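Geometric and topological summary
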Amino acid sequence: MTILYRSTRGPEEQTFTASQAILQGLNTDGGLFVPVQLPQIDLDFEKLAQASYQEVAFQILRAFLSDFTDQELQDCIDRAYSTNFDTPAIAPLRKSQNGYFLELFHGPTIAFKDMALQLLPHLMVTAAHKNKITKDIVILAATSGDTGKAAMAGFADVPGTKIIVFYPRDGVSTIQKAQMVTQKGENTAVVAITGNFDQAQTNVKNIFNDALFKEQLTRNNVQLSSANSINIGRLVPQIAYYVYAYAQLIKNGAIAAGDKVNFAVPTGNFGNILAAYYAKLIGLPIGKLICASNKNNVLTDFFQTGIYDKNRPFYVTTSPSMDILVSSNLERLIFWLSGKNAQQTRIFMKLLKETGTYQINDAMKRQLSDFYAGCADELTTSNEINRVFREDQYTIDPHTAVASAVARQYQEATNDKTPIVVVSTASPYKFPNVVLKALSGKEAPADGIQADETLSSFINLPLPAAVENLRHAKVRHNRVVAPEHMQEAIGEILELH
Ligand SMILES: *Cc1c(COP(=O)(O)O)cnc(C)c1O
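Predicted model only: the values in this text are computed from it and were never measured.

Moving on to the UniProt feature "domain: Tryptophan synthase beta chain-like PALP" (unreviewed entry) in the chain. Residues annotated in UniProt with the feature "domain: Tryptophan synthase beta chain-like PALP" (unreviewed entry) correspond here to residues 102-424. A distance of 6 Å separates the end C-alpha atoms of residues 102-424, which is 47% helix and 18% strand.

The structure is reproduced here in structure tokens:
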């Protein structure tokens, strides 16, 4: 079965192969690539329960990425998921009193974006060969902290690629900033902006849509692409860990094949939870998808009312990767709920751009019942870190804590006894100050790596290698620009003429 892709805003007849969609990132009409139809996969759970992470990923990738050969996918997977992760399980499950945590933070940047971004560069280079691209591929990314670093870690020194990352100067943690400004690789550039993540993301989108700039890039033998979670090459690899987690639960005897499982996902740009939704659509027995937000609860309101409204205050929280007012990947859900209606999707997205708000119709709203949405404020998040530590002897990061708290809200509100897997998106060592304060009630004595050391002795677990390595790393990037000067910065970095 060949799976082709189309734009959420374009005609169904205008199709793209998987490799074209990965290379292009975003369609020229501003729409996101989605499969024209979903693949039919035979999810043989008895077999999958015995499969390694790499084998599960292979099954999923070959179903979605039709124009890649098995050998190509195998090569990409071998490079992506190996000793760069600190556990052979890649995505281990941990039991808790309330259910399970799915740990997605064992890659080089100790957060879940590694799951897709260790793979994407290899998919992209393979896709370029397939499409006989000779231009340099330049990855542009806006990051609220984790994506940018994870993308750079994936692309650093990959031949034929360059990567430029923009992050909000005052919107990332000390460790995240340290990780970014010390990034190695001659093909990497990091730029701080004096604005927030949404401004960075909006401007990156506008730069992608700027026809004149595109011509200039072409003259310079350069082609833009995206590593943000809008790239279908990010989304598809994320489906794999939902299937893997489910299969592991069968293996452990926690469930029988066919039993339902709920997933609670700390959500920002809606990429991670959309992958779970796709997993459900291809037949994974998922009950509820629990969409967890922090104080920036635009999605909670959307799922409860059918009205998306970004006209609201923006909060900088202790879970910065979820500080988002425009969740880009929601467009793919909107498109699906509309019955794959590109015209309607286009209208909603135009309204969003021009007025900041849109309202879906009742038929679409009824289909939101696959989801439960809730939010956790700062105090609830902090209390949850503390509770899990006391009751489970386990330390979670603030993003995971938001999901954990909302999972409990869901259980209390519904009395649903279906097992819940809380998706753990970052190591607590990525946010040591917040975690230490939640655990001890006291401010950490210092910031950054020293705070990590304090945390390490408090919870009596060694520092991950990813943190150890930061200790002696040299600062290599110190460019700061205003949000409206991002395009000029790109011109300088690429030395465009
Ligand atoms: C990116 C990120 C999220 C949000 O994931 P989305 O796919 O954007 O919804 C949550 N937690 C962490 C730690 C992240 O890095």
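Here the narrative resumes, following the displayed structure.
In the structure shown here, the tally under the stated rule is five cavities of 30 Å³ or more. Considered as a void within the structure, the largest cavity measures approximately 290 Å³ in volume. Around the largest cavity sit 26 residues that line it, and Phe-112, Lys-113, Gly-268, Asn-269 and Ser-321 are the ones nearest its centre. When contributions to the lining of the largest cavity are tallied by element, the ones reaching two or more residues are α7 (146-155), α11 (232-251), β9 (261-266) and α12 (271-281). Looking at which element gives the most residues to the lining of the largest cavity, the answer is α12, with three residues. Among the residues making up the lining of the largest cavity, the classes are represented as 10 nonpolar, 13 polar and three charged. In this structure, the second largest cavity occupies an estimated 80 Å³ of space. As for the second largest cavity, its lining consists of 13 residues, of which Ser-96, Asn-98, Ser-404, Ala-407 and Val-422 are closest to the centre. Taken together, the elements giving at least two residues each to the lining of the second largest cavity come down to β4 (99-103), α17 (378-392), α18 (398-414) and β14 (420-424).

Okay, the packing of helix α4 (residues 70-80) against helix α6 (residues 120-130) next. Running from amino to carboxyl end, α4 crosses α6 at an angle of 150°, the nearest separation of the two axes being 9 Å. As far as their axial angle goes, α6 and α4 are roughly antiparallel. For the pair α4 and α6, the crossing hand works out as right-handed. Touching Glu-72, Leu-73, Cys-76, Arg-79 and Ala-80 of α4 are His-122, Leu-123, Thr-126 and Lys-130, all from α6. Taken together, the residues of the contact of α4 with α6 sort by class into four nonpolar, two polar and three charged.

Here we take up the UniProt feature "domain: Threonine synthase N-terminal" (unreviewed entry) in the chain. This chain's UniProt record puts "domain: Threonine synthase N-terminal" (unreviewed entry) on residues 5-81. Strand forms 8% of residues 5-81 and helix 47%; the C-alpha atoms that close the span are 26 Å apart.

In total, this model carries 17 salt bridges according to the counting rule given. Ionic pairing is found between Glu-384 and Arg-408, a salt bridge with its closest N-O pair at 3.4 Å. Of the two residues, Glu-384 is situated in helix α17 and Arg-408 in helix α18; the sequence distance between them amounts to 24 residues. Taking the shortest distance from any N to any O, the salt bridge between Lys-437 and Glu-443 comes out at 3.1 Å.

So, on to the nonpolar core. Residues Phe-64 and Leu-65 are the most contacted members of the largest nonpolar core, which totals 116 residues. Considering each element in turn, this core owes the most residues, 14 residues, to α11. Once residues within four sequence positions are removed from consideration, Leu-65 is found in contact with Tyr-5, Ala-18, Ile-22, Leu-73, Leu-123 and Val-236. If you look at the next biggest cluster of nonpolar residues, it comprises 34 residues, including Ala-292, Val-388, Ala-401 and Leu-439.

Inspection of every chain in the model, using the stated rule, returns zero disulfides. Just so you know, Cys-375 is unpaired, no disulfide at all, and the nearest cysteine sulfur is the one on Cys-291, 10 Å from it. Among the residues examined, Cys-375 registers a relative accessible area of 27% and is labelled partly exposed.

Strand order in the open sheet formed by six strands is β3-β4-β14-β9-β10-β13, and the pairing between neighbours is mixed. Lying at the two open borders of the sheet, with one neighbouring strand each, are β3 (93-95) and β13 (371-375). Mean inter-strand twist for the sheet, computed between neighbouring axes without regard to direction, equals 25°. In this structure, β4 lies alongside β14, joined through five bridges in parallel fashion.

So, about the sheet that holds strand β5 (residues 136-142). Sheet strands pair via backbone hydrogen bonds, and the direction of the pair is either parallel or antiparallel. Here five strands make up an open sheet; going across it, the order is β8-β5-β6-β7-β15 and the pairing parallel. Two strands close off the open sheet at either side, each with one partner strand: β8 (222-226) and β15 (479-481). The mean inter-strand angle of the sheet, taken between neighbouring strand axes irrespective of direction, is 30°. Note that strand β6 (residues 161-168) and strand β7 (residues 188-193) share six bridges and pair parallel. Counterpart to Ile-164 in the pairing with β7 is Ala-189. In this fold helix α22 (residues 486-494) packs onto β5, β6, β7, β8 and β15, with an angle of close to 145° to the strand it touches most, β6.

Reading the values: rules and limits
Residues numbered from 1 in each chain as written. Predicted model: local features only at pLDDT ≥ 70, side-chain atom pairs only at ≥ 80, totals over all residues. Heavy atoms only, no water. UniProt positions renumbered as here; feature names shortened; annotations may be inferred. Helix = DSSP H or I, 4+ residues; strand = E, 2+ residues; numbered from the N terminus. 1 Å grid on protein atoms, 1.4 Å probe; cavity = no way out; pocket = protein on both sides within 12 Å on 5 of 7 lines; lining within 4 Å. Points joined across faces, edges and corners; volume = space filled by probe spheres on them. Nonpolar A, V, L, I, M, F, W, Y, C, P; charged D, E, K, R; others polar. Axes fitted to C-alpha atoms, helices over the stretch in contact; angles between N-to-C directions. Parallel < 35°, antiparallel > 145°, perpendicular 65-115°, else oblique. Left-handed = near helix turned anticlockwise from the far one by under 90°. Contact = heavy atoms within 4.5 Å. Salt bridge = Lys/Arg side-chain N within 4 Å of Asp/Glu carboxyl O. Core = buried A, V, L, I, M, F, W, Y, C linked by side-chain atoms within 4.5 Å. Buried < 20%, exposed > 50% of the residue type's maximum accessible area, 1.4 Å probe, protein only. Disulfide = S-S within 2.5 Å. Pairing = 2+ DSSP bridges.

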